[in-house]
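The primary structure of each chain is shown beneath.
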Amino acid sequence: MGISRRRFLHWMGATGAGLAAVKKAQAAEKEFHGYPGSFAVLHDTTLCVGCRSCEAACNSVNGLPPPEKPFSDLSVLEQKRRTDEKSFTVVNRYQVSNVPAAGPRAEPRAIFRKHQCNHCLEPACASACFVRAFTKTPEGPVIYDPSVCVGCRYCLLACPFNVPAYEYNKALEPRVMKCTMCYPRITKGLLPACVEACPMEALTFGKREDVLRIARERIRKHPDRYVDHIYGETEVGGTSWLYLAGVPFQQLDLREDYQIRPAPEFTSGALGAVPMVIGLWPVLLIGLYAINQRKEKIAQQEREQAIQAVLAQARAEAERKAQEAAQKAAQEKQKAIDMAVKKALEEAAKAKGKEGA
Amino acid sequence: MMRQKMIVCFALAAAVGLLILPLAACKPEPAAGKEGGRPDLILIEGLSEFGPLESAPVPFLHDLHAELVQKEKRDCTACHLEKAKGILSQKYMRLEDTDRQAVMDVYHENCLACHKETARSGKPSGPVTCGECHVKKPDVFSTRQPVVMDLSLHARHIDAADGKCDTCHHQYDEAQKKLVSVQGQEVSCRDCHGAVPAENRTTFRFVAHESCIACHDEFGAGPRDCGGCHDPARQKAIQKLETVPRLARGQPNQVYLTAAREDIGKSRMPSVPFDHAAHEAAAPTCRTCHHQTLKACTECHPLNEQAEKSVVRLERAMHAVQSSHSCVGCHETAKFYPNCAGCHGLMEKGVLTAFACTRCHSGPPPSEAALRLPPATSLEPQLERSSLEAAELVEISGLSDKFEGVRFAHRRHIEKLETLIASSRLAVRFHGRQDLVCQGCHHHTPAGQTPPRCESCHGTPFNELNLFMPGIVGAYHRQCVGCHDQMGITTVSSCTSCHDPKGGEGPSVP
C-alpha cells in the first residue's frame, strides 16, 4: 500500500486520542434498586410440592398450546426441563441428599423449584436488544414487544438464567417467548396466574420491599429451615423473582457465582462507546485524512510551481542567451559587412590609384 | 509453498486452542457415589511440629496394615515399640520424636524396608516412590466418627470389669503426686483429658487408645481395630442393652433446683422440681448435662456475673436455647422429634413464653428448697382433660373450583395427638392440659376457649395490612401438609388423599 511509518503512527495516535475521549463519557456508577412500589414474587422452595398447578394456570392464561403430557402427569419431573416457546414456566425436581432436618424424616425428600423469567431489575435481555423490544416496567415485570423484534435472538444469549425461548417453528412472525409476570393481569389488580393457582402459597406476590420483608421474617423465624440468603435480592443487580431454599441454591440450579453487578454493566462500557465512536471517529479520521491530502496537494502544487519557475527561468535564460547570441551575430555580421565594405572601398581606391598614376 | 505451510500451522493451532485445551482444562466430575471413605485413615504429618512440611502428608490406612501384620502371625510390636511393661508407644517405631531428620528416617527406612521386602517375596505391596506415598490429593478420605460411651455401653463395661470402677477410673492426687482411685468420685475421662495436652495430662485421644485398646487386647473382647470403634456403620452395630441399670454414683432421685448456697439470699425465682432419675433415662450420657464435670451446675455457674465476664451465668446455663447442655436447649431439640414436630416444627423456633416459666419454676421458694427434697410422686406429669367438646367431623369447603370440600376427621386427629403426648413425659409436663393441644393447629387462640374459624383471620392472601399471614387456602395447606411433612407421614401423599377432584383429573402431589 505504501503508507509511511510516520503516517501510520499518526493515525494510530489519533484513534487512541479519540478512544480516550470517548471513555470519559460513561454512565456514572449508579445502583438501581427497582422502581419504588414495583411488584415481586417470592418462591419458597421449602413449600413447593411439585403439583404443577402453576404450569397449568400459566398455560391457560397465556393461551399456550396444550402440552404433550397433561399437567397432572408428574413423570415429567424425572427429567430437568427448561422453559421453551410453549412453556413460560417449568417446575423441576431436585433430589438433594443433605436436606436439613426441618423435622427428622426417614429420608431426604425431593425439593421442587419453579423456574421462569426472573424479571431482573436491570435485565440483560433489555440491554442486549438494540431495538428496545424489552422493557422493564415500573410495575416490575420485564415485558416484550413482538412488533419491533427483529429475531436476532441476542436476548437468548444474554439472559444469565437461560430463560427466553424462540419460536423457531414459525416461519412468519416468530416471537421470543418468556414469562410476563402476567403484566396485563397485575395492572388490573389481579394476581399472576401461577401465584393464584399455588395451593401451598409457595409463591407470594406483593411489593418488592414487602416481599423481602416477608422472606427475612421467615428466615428469622425458622433459621433451621432456610439458608440465610434470599436469592435474587442482589444477584445480577437484583431480580423481581426471589427464592428461598433450605439447601444451597447451587443445588437447585441457581447459579451462586452471580455477584451484585447487574448484567448490563458488563457490556455497558463497550456498548455505550458505540455511538460516540461512530460519531467521532469518522469525523476525526476523515479530518486527518483531509488534512493530509490537502498537505500533499499543496506540496504537489508547490513542487509544480517550483518546476515551472525553474523552467521559466531556464527559458528566460535561454532566450537572453539567444538574444545575446543574435546580437553578437548581428554585430559580427555588421562588422564583417563593414570590413568587407571597407575592404572593397580600399580595393576600389587602390584600383583607382593605379589607374590615375 | 510457504503460504500453505502457514495455513496448516494456523489450522492446527486453532484446533488445539479451541478443541483440545478446553477439554484438558475441564476437571472431571467427582464420582457421585463418594467412594474411598475409610475410618482408619491417618494422615502422617508428624514432621509438622518441626516446621512447615516439604512434602504432602502421607495417607496411611491403619486397619489395612494391622490386618496384614496379623496375617504374618505378628502383633502390634511389629510397628509399635514397648515403652513400659505391657504398654506400647503409639508412635511408629520410636518412643519419642527427637529431631526432624531422625523422625523422617524412621518412617522412610522402616516403611520402605517392609514394602520392599514384601514385594520381593512376591506379595502385593505398598508404594516405594516418593510421589506414591506423599499424595497431594488422595482419593481416600476419613469417615472416622468419635465413639460415644453412652450409658448402655458403660453398663456393659461395668459388667466386664466385675463392677470394679478403679479398673478404668482414676484421679490425680496433688498431695501424693500420683494417680489414685477414690470410690464415689469417678468422673468421665474427658473431664480431665481434653483435646489438647495440658501440664501433666495427655489428650483424651491418647489415653483412649492406650487404655481402651490395651484392655481389649488383654481380655480379647471389644474392638482393637480403628473401624471397630470409629466406623459409623459398625458403631450402629454396637449392641445396646434393653434396660440399662441405673448408674449408682450417689446422685439424687428428685431434687429442687435453685441457686448455689451462697446465692440463696439473692435468688427470687421459685425453685424447679427436678426428677433427676427420669432425666438419666432420657440422656445418652451424664456428660449431656454435666458437660464439664460431674458436679452440681451451680458449682460452676454463678447466679450473677462475677468479676470474670466470661463466666456463663446460671440463667444462661439453664435457658440457652441453642445449647445442647441446657434444660431449655435439650427440650427444644425434643420438640423436633417426629411425634412432636407436626405442631412444633411449624412454630417459631426458640421462643420462650412467660407461660413456660411456671411450667418449671413451680417449686417452693429458694430458701425452703435448699432444705428439703420433693416427694417422689409429686413430679409425675398429669394429664388434664379439657372441658371443650371437639367436633367429630369438620367440613372445609367452598374454597376451590377444582376440588370438592374436605371432610376432616377432627376428633380422630385430636385423639391421635393425645396418644402421642401421653407417651412422652416431657410433653405431658408441658402440655398435659388437653386445652393446650388445640393450640397446635388453632394457633393464636387462648387455651380453653372454642377457637374461632380459620377464615376469621385468614382471608385473601398478599394483604399489605397483614403481610406475614397466608391466605386461607395457603393456611390450610401449609398447616395440614406441613404437619404431615414434619411427622414423616407418607400415607397422605396426594391432593386426592384429602379432597376429591371436581369432575376430571386434578393435579396430584408426588
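Conventions adopted
- Residues numbered from 1 in each chain as written.
- Chains lettered and ligands numbered in written order.
- Predicted model: local features only at pLDDT ≥ 70, side-chain atom pairs only at ≥ 80, totals over all residues.
- Helix = DSSP H or I, 4+ residues; strand = E, 2+ residues; numbered from the N terminus.
- Rg over C-alpha atoms; globule rule 2.2 N^0.38 Å.
- Buried ≥ 20, exposed ≤ 12 C-beta atoms within 10 Å, placed from the backbone.
- Contact = placed C-beta atoms within 7 Å.
- Nonpolar A, V, L, I, M, F, W, Y, C, P; charged D, E, K, R; others polar.
- Pairing = 2+ DSSP bridges.
- Axes fitted to C-alpha atoms, helices over the stretch in contact; angles between N-to-C directions.
- Domains from an automatic or database assignment.
- Core = buried A, V, L, I, M, F, W, Y, C linked by C-beta atoms within 7 Å.
- Expected span 1.5 Å × (residues − 1).
- pLDDT = per-residue confidence, 0-100.

(A) Local environment of the overall build of chain B. Counting its regular elements, chain B contains 18 helices and 12 strands. Relative to the 2.2 N^0.38 estimate, which gives 24 Å for 510 residues, the radius of gyration of chain B is 32 Å and therefore markedly larger than a compact globule would have. Each principal axis of the C-alpha distribution contributes one length, and for chain B these read about 95 × 85 × 45 Å. Taking all 510 residues of chain B together, 13% fall into the buried category. For chain B, restricting intrachain contacts to residue pairs at least 6 apart in sequence, the fraction spanning at least 24 positions comes to 50%.

(B) Looking closely at the overall build of chain A. For chain A, the helix and strand inventory stands at 8 helices and 9 strands. Against the compact-globule benchmark of 21 Å for 357 residues, chain A has a radius of gyration of 45 Å, which places it well outside the compact range. C-alpha atoms of chain A, sized along the principal axes, occupy 175 × 45 × 40 Å. Put simply, chain A has 357 residues, and 32% of those count as buried.

(C) Focus on the interface of chain A and chain B. Listed as interface residues are 31 residues of chain A and, on the opposing side, 30 residues of chain B. At the level of secondary structure, the elements contributing two or more residues to the side of chain A that touches chain B comprise α2 (53-61), β8 (203-207) and α7 (208-221) of chain A. Per element, the largest residue contribution to the side of chain A that touches chain B is 5 residues, and it comes from α7 of chain A. Looking at the side of chain A that touches chain B residue by residue, the class counts come to 16 nonpolar, 7 polar and 8 charged.

(D) Here's a closer look at the pairing of β8 of chain A. Residue and element names in this part refer to chain A. Counting buried positions along β8 gives 4 out of 5 residues, so the element sits mostly inside the fold. In the sheet, strand β1 (residues 39-44) pairs with β8 via 5 bridges, with the strands oriented antiparallel. Paired with A40 across the two strands is G206, which belongs to β8.

(E) View of the sheet that holds β1 of chain A. Residues and elements named next belong to chain A. Spatially, 3 strands are ordered β8-β1-β9 in an open sheet, and the strand pairing comes out mixed. Pairing within the sheet leaves two strands with one partner each, and these edge strands are β8 and β9 (241-244). The average undirected angle you get between the axes of adjacent strands in this sheet is 25°. Relative to β9, β1 runs parallel, the two being bridged by 4 bridges. For L42, the partnering residue across the bridge sits in β9 and is L242. Strands β1, β8 and β9 of the sheet are contacted by α7, whose axis makes an angle of about 135° with β8.

(F) Structural context of unusual backbone geometry. Residues and elements named next belong to chain A. Of note in the backbone geometry, H119 takes a positive phi value of approximately 50° without being a glycine. Inspection of the secondary structure puts H119 in the loop between β3 (110-115) and α3 (124-128). Since 27 C-beta atoms lie within 10 Å of it, H119 is described here as buried. You will see that R153, though not glycine, has its phi angle at about 65°, which is positive.

(G) Quick peek at the domain arrangement of chain B. Taken domain by domain, chain B consists of domain 1 (37-142), domain 2 (151-236), domain 3 (270-379) and domain 4 (393-497). Domain 1 of chain B and domain 3 of chain B are separated by 48 Å when their C-alpha centres are compared.

(H) Broad picture of the environment of V341 of chain A. For V341 of chain A, the position within the fold is in helix α8 (residues 263-356). For the pair V341 of chain A and T15 of chain A, spaced 326 residues apart in sequence, the C-alpha separation works out to 86 Å.

(I) Looking closely at the nonpolar core. C125, C194 and L242 of chain A are the most contacted members of the largest nonpolar core, which has 69 residues in total. Once you skip the residues sitting within four places of it in the chain, C125 of chain A turns out to touch F134, V142, C155, A158, C159 and P164 of chain A.

(J) Spotlight on the environment of H108 of chain B. Residue and element names in this part refer to chain B. Take H108: it is sitting in helix α3 (residues 100-120). Among the residues examined, H108 registers 12 C-beta atoms within 10 Å and is labelled exposed. Taking the C-alpha atoms as reference, H108 lies 51 Å from A11; in sequence the two are 97 residues apart.

(K) Here's a closer look at helix α6 (residues 204-219) of chain B. For α6 of chain B, with 16 residues, the first-to-last C-alpha span of 22 Å sits near the 22 Å given by 1.5 Å per residue. In the stretch just after α6 of chain B, G220 of chain B is the one whose phi turns positive, near 65°.

(L) Fine view of the confidence of the model for chain B. Residues and elements named next belong to chain B. Looking at chain B, the pLDDT average stands at 86 and 95% of residues meet or exceed 70. Contacts of residues 29-33 to residues separated by more than four positions or lying in other chains number 0 contacts, the stretch itself having pLDDT below 50. Here the predicted complex carries an ipTM of 0.75, next to a pTM of 0.76.

(M) Quick look at the environment of G122 of chain B. Residue and element names in this part refer to chain B. For G122, the location among the structural elements is in the loop between α3 and α4 (130-133). Among the residues examined, G122 registers 7 C-beta atoms within 10 Å and is labelled exposed. Placed 323 residues apart in sequence, G122 and T445 show a C-alpha to C-alpha distance of 80 Å.

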